[in-house]
Amino acid sequence: MGKARHILCVEDNMADLGLLMEAFLELGLEHRLHHVLDGELALRFLRREGEFATERLPDLVLLDLNLPRKSGFEVLQDISRDPGLRAVEIAVLTTTARESDVKRAAGEITVHFITKPMDFDAFLDVVRRIDSIVQSSPRSTPS
């Protein structure tokens, strides 16, 4: 389905992360998935601070909104204020928010909105959409 990309998954629910990873495997996608559990770690990763100093900027960030320490809404606001991060492709993957709330929090950055599915077949469709987003991202560079 295209070239492998780097994807940062910001998710505190390990069951959702497991389904996402299983769907990537099922579809044979070879994207490199990085994972952090909260919004503060997401920003440290994106800014390549501390233990993330050697990581590259991901081609796509999959961002849950209900996160500990710093919510996904706060992460979106911080990204929109940081000129070095505005070009990062963001896909909000959530069960609870309205798309209008996400767009308001994101400010001027483009955000894809994806509702978390309840069953595995629907998760496969979500991962196909994620693959399409990351493959068409103007920032994407092959790994």
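Each remark here, short or long, concerns the structure printed above.
Because the structure is a prediction, the values reported are computed rather than measured. (Residues numbered from 1 in each chain as written. Predicted model: local features only at pLDDT ≥ 70, side-chain atom pairs only at ≥ 80, totals over all residues. Heavy atoms only, no water.)

(A) Representation of the nonpolar core within the structure. Leu76 and Ile90 are the most contacted members of the largest nonpolar core, which totals 25 residues. The set of elements that each furnish at least two residues to this core consists of strand S1 (6-10), helix H2 (39-46), strand S3 (60-63), helix H3 (72-81), strand S4 (89-94), helix H4 (99-106) and strand S5 (111-115). Per element, the largest residue contribution to this core is four residues, and it comes from H2. Each residue touching Ile90, except ones within four places of it in the same chain, is listed here: Leu60, Val61, Leu63, Leu76, Ile79, Ile109, Thr110, Val111 and His112. Core analysis: the next-biggest nonpolar cluster, separate from the first, contains 20 residues, Leu17, Phe24, Val127 and Val134 among them. (Core = buried A, V, L, I, M, F, W, Y, C linked by side-chain atoms within 4.5 Å. Buried < 20%, exposed > 50% of the residue type's maximum accessible area, 1.4 Å probe, protein only. Helix = DSSP H or I, 4+ residues; strand = E, 2+ residues; numbered from the N terminus. Contact = heavy atoms within 4.5 Å.)

(B) Region of the structure containing unusual backbone geometry. You will see that Arg48, though not glycine, has its phi angle at about 55°, which is positive. Note on placement: Arg48 falls in the loop between H2 and S3. Classification of Arg48 as partly exposed rests on a relative accessible area of 37%. For Arg69, which is not a glycine, the phi torsion comes out positive at approximately 65°. As for its placement among the helices and strands, Arg69 is situated in the loop between S3 and H3.

(C) Structural context of the packing of helix H1 (residues 14-26) against helix H5 (residues 120-136). One way to put it is that H1 packs onto H5 with a least axis distance of 9 Å and a crossing angle of 70°. As the angle between them shows, H1 and H5 are arranged roughly perpendicular. Packed against H1, whose contacting residues are Asp16, Leu19, Leu20, Glu22, Ala23, Phe24 and Glu26, the element H5 presents Phe120, Phe123, Leu124, Val127 and Ile130 at the interface. A breakdown of the residues in the contact of H1 with H5 according to their chemical character gives nine nonpolar, no polar and three charged. (Axes fitted to C-alpha atoms, helices over the stretch in contact; angles between N-to-C directions. Parallel < 35°, antiparallel > 145°, perpendicular 65-115°, else oblique. Nonpolar A, V, L, I, M, F, W, Y, C, P; charged D, E, K, R; others polar.)

(D) Inspection of the environment of Asp125 at higher detail. Within the secondary structure layout, Asp125 lies in helix H5. Taking the relative accessible area as the measure of exposure, Asp125 reaches 48% and is therefore partly exposed. The spatial distance from the C-alpha of Asp125 to the C-alpha of Ala23 is 8.9 Å, given a sequence separation of 102 residues. Among the polar contacts listed, one links the side chain of Asp125 to the side chain of Arg128, at a separation of 2.9 Å. (Polar contact = N/O pair within 3.5 Å; in protein donor to acceptor, adjacent residues only side chain to side chain.)

(E) Quick look at the sheet that holds S1. Reading across the sheet, the five strands line up as S2-S1-S3-S4-S5 and stay open at both edges, with parallel pairing between neighbours. Of all strands in the sheet, those with a lone pairing partner are strand S2 (32-36) and S5, marking the two edges. In this sheet, adjacent strand axes meet at a mean angle of 20° when their direction is disregarded. Across four bridges, the pairing between S1 and S3 is parallel. Within the sheet, the bridge partner assigned to Leu8 lies in S3 and is Val61. Relative to the sheet, H1 contacts S1, S2, S3 and S4, its axis offset from that of S2 by approximately 175°. Running over the sheet, H5 touches S1, S3, S4 and S5 and is turned about 170° from S5. (Pairing = 2+ DSSP bridges.)

(F) Fine view of a negative patch on the surface. Taken together, the side chains of Glu22, Glu26, Asp119 and Asp121 present a region of like negative charge at the surface. Relative to the elements of secondary structure, Glu22 occurs in helix H1. A relative accessible area of 43% means that Glu22 is categorised as partly exposed. (Patch = residues over 30% accessible without salt bridge, like charges linked within 9 Å, V, L, I, M, F, W, Y side chains within 5 Å. Areas by Shrake-Rupley, 256 points an atom, 1.4 Å probe, with all protein chains shown as cover. Salt bridge = Lys/Arg side-chain N within 4 Å of Asp/Glu carboxyl O. Lys, Arg positive; Asp, Glu negative; His and termini not counted. Charge placed at Lys NZ, Arg CZ, Asp CG, Glu CD.)

Everything listed here is a matter of geometry and, on its own, says nothing about what the molecule does.
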